[in-house]
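These are the residues of each chain, in order.
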Amino acid sequence: MTAAALRPRSKSPDRRARRIGTVIAAVLALAWTLPILWVLVGSFNAERITSGSGFLPSDPTGENWTKLVQPDGRAVNVFVAFFNSTVVAVAATVLALVVCSMMAYALARLPFRGSAVVLAAIVLMMLVPTEVILVPLFQQFAALGLLNTYGALIIPHVVSLFGVVLLRQFIANLPVELTEAAKIDGANAWQNYRYIVLPLIRPGLATLGILVFLAAWNDFLWPLIATSTPSMQTLPLALITFRSAYGDSEYGVVMASTILAITPPLLIFLLAQRFIVQGISNTGLKG
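Since we're looking at a predicted model, the values are computed, not measured.

**Comments concerning the overall build of the protein**
Link 1 in the chain: Within the protein one finds 15 helices and zero strands.
Link 2 in the chain: Within the protein, buried positions represent 34% of all 287 residues.
Link 3 in the chain: Considering only contacts in the protein between residues 6 or more positions apart, those separated by 24 or more positions represent 72%.
Link 4 in the chain: For the protein, the exposed surface amounts to about 17000 Å²; the carbon and sulfur share of it is 68%.

**Considerations on unusual backbone geometry**
Link 1 in the chain: In the Ramachandran plot, Asn148 falls in the positive-phi region, its phi being about 60 degrees despite a non-glycine side chain.
Link 2 in the chain: Looking at the secondary structure, you find Asn148 in the loop between α7 (134–144) and α8 (150–154).
Link 3 in the chain: A residue is classified by how much of its surface remains accessible, and Asn148, at 21% relative accessible area, is partly exposed.

**Some remarks on helix α12 (residues 202–218)**
Link 1 in the chain: Given a rise of 1.5 Å per residue, 17 residues ought to cover 24 Å, and the 24 Å separating the end C-alpha atoms of α12 matches this to within 8%.
Link 2 in the chain: Taken together, the buried positions of α12 are Pro203, Gly204, Leu205, Ala206, Thr207, Leu208, Gly209, Ile210, Val212, Phe213, Ala216 and Trp217.

**Looking at the nonpolar core**
Link 1 in the chain: One finds Leu167, Ile171, Val197, Ile201, Leu208, Trp222 and Leu235 to be the most contacted residues of the largest nonpolar core, which totals 45 residues.
Link 2 in the chain: Look past the residues within four positions of Leu208 in its chain and what remains in contact with it is Leu97, Cys100, Ser160, Gly163, Leu166 and Leu167.

**Considerations on the packing of aromatic side chains**
The relative placement of two aromatic rings is captured by the distance of their centres and the angle of their planes.
Link 1 in the chain: Enumeration over the complete set of coordinates arrives at five aromatic pairs.
Link 2 in the chain: Arranged with centres 5.7 Å apart and planes meeting at 50 degrees, the rings of Phe141 and Trp222 form a pair that is tilted. Linking Phe141 in helix α7 with Trp222 in helix α13 (residues 221–226), this pair joins segments that are 81 residues apart in sequence. Accessibility classification places Phe141 together with Trp222 in one group, the buried group.
Link 3 in the chain: Among the aromatic residues, those joined into a ring-pair cluster are Phe82, Phe213 and Trp217.

**Focus: the packing of helix α5 (residues 78–109) against helix α11 (residues 189–200)**
Link 1 in the chain: It is at 11 Å that the axes of α5 and α11 come closest, and there the two elements cross at 110 degrees. With respect to α11, the axis of α5 lies roughly perpendicular. Remark: the crossing between α5 and α11 carries right-handed chirality. In contact with Val98, Ser101, Met102 and Tyr105 of α5, α11 contributes Ala189, Trp190, Asn192, Tyr193, Val197 and Leu198.

**A word on the environment of Pro265**
Link 1 in the chain: You can see Pro265 is positioned in helix α15 (residues 251–282).
Link 2 in the chain: Given a relative accessible area of 11%, Pro265 falls into the buried group.
Link 3 in the chain: Along the backbone, Pro265 and Leu211 are 54 residues apart, and their C-alpha atoms lie at a distance of 9.9 Å.

**Focus on the side chain of Thr234**
Link 1 in the chain: For Thr234, the location among the structural elements is in the loop between α13 and α14 (235–246).
Link 2 in the chain: Each residue touching Thr234, except ones within four places of it in the same chain, is listed here: Ala81, Ser85, Leu153, Asp219 and Pro223.

**Overview of the environment of Leu205**
Link 1 in the chain: Note that Leu205 resides in helix α12.
Link 2 in the chain: Put simply, Leu205 and Cys100 are 105 residues apart on the chain and 9.4 Å apart in space, counted from C-alpha to C-alpha.
Link 3 in the chain: Leave out the neighbours within four places in its chain, and Leu205 touches Leu97, Ser101, Leu167 and Leu198.

**Overview of the confidence of the model for the protein**
Note: predicted coordinates in regions of low pLDDT should not be interpreted at a detailed level.
Link 1 in the chain: Taken over all residues, the pLDDT of the protein has a mean of 82, while the share at 70 or more is 80%.
Link 2 in the chain: Averaged pLDDT values for the elements of the protein fall to 52 in helix α1 (residues 3–6) and rise to 95 in α8.

About the criteria used
Residues numbered from 1 in each chain as written. Predicted model: local features only at pLDDT ≥ 70, side-chain atom pairs only at ≥ 80, totals over all residues. Heavy atoms only, no water. Helix = DSSP H or I, 4+ residues; strand = E, 2+ residues; numbered from the N terminus. Buried < 20%, exposed > 50% of the residue type's maximum accessible area, 1.4 Å probe, protein only. Contact = heavy atoms within 4.5 Å. Areas by Shrake-Rupley, 256 points an atom, 1.4 Å probe, with all protein chains shown as cover. Expected span 1.5 Å × (residues − 1). Core = buried A, V, L, I, M, F, W, Y, C linked by side-chain atoms within 4.5 Å. Phe/Tyr/Trp six-rings, centres within 6.5 Å; stacked < 30°, edge-to-face > 60°. Axes fitted to C-alpha atoms, helices over the stretch in contact; angles between N-to-C directions. Parallel < 35°, antiparallel > 145°, perpendicular 65-115°, else oblique. Left-handed = near helix turned anticlockwise from the far one by under 90°. pLDDT = per-residue confidence, 0-100.

As structure tokens, this is what we get:
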């Protein structure tokens, strides 16, 4: 064996680049996680953290979480608001996935006269800020008698213009031969959509589902306008009430309510991140 063969090989540039990328990603993940850990620890003893005495609580207590379960009259029941937000976000996500995927399938695989105009109109409407349509949206729901109901909180999130464009791109990138072969075997448009298209665009559906869920869960302005009773308040409105009721004296209660608010979106993201990565890697690949 020659001396050149015994000499250790130098690390390839690609391997070094991957290690550097891993280190950078780990640092960014740690920087993103520290505020969440700070709030979580503070929910068990905020006085030690806010006074600068240390990061870990010396005498952890669940009193702040108890006040969430048993509000003392100064604030709304956060768990009622949590239930409302869960109903609104889950229902809006499911309906948005169904409606947007059907619209995207029609634009991508069911050509009709004016389909290009419809797609262009959807893209242009994406440029209109949501605040511009709040007044006509409020008047419309008032005329229908849907204000202060779940319907008023759910329906505005059902049709996502960005979701239609996103899923339309996913469907357009699928090989046409798949649906054509299914047509030859006797499949109609619904069967093509249900059994061919939907399983192949799961990464896009997962991505859209997370975006719609987060938008419905974090929405503050529209629930503030569309609801008028504490029993219909969503979690962002309840958090504002908690901040005004406890913010000046008991930071721990505010931190506990914040952890309660961010837990469902965080779990949804962790469960669906595999589909998001797959969707990003597959976007733009043809055939």
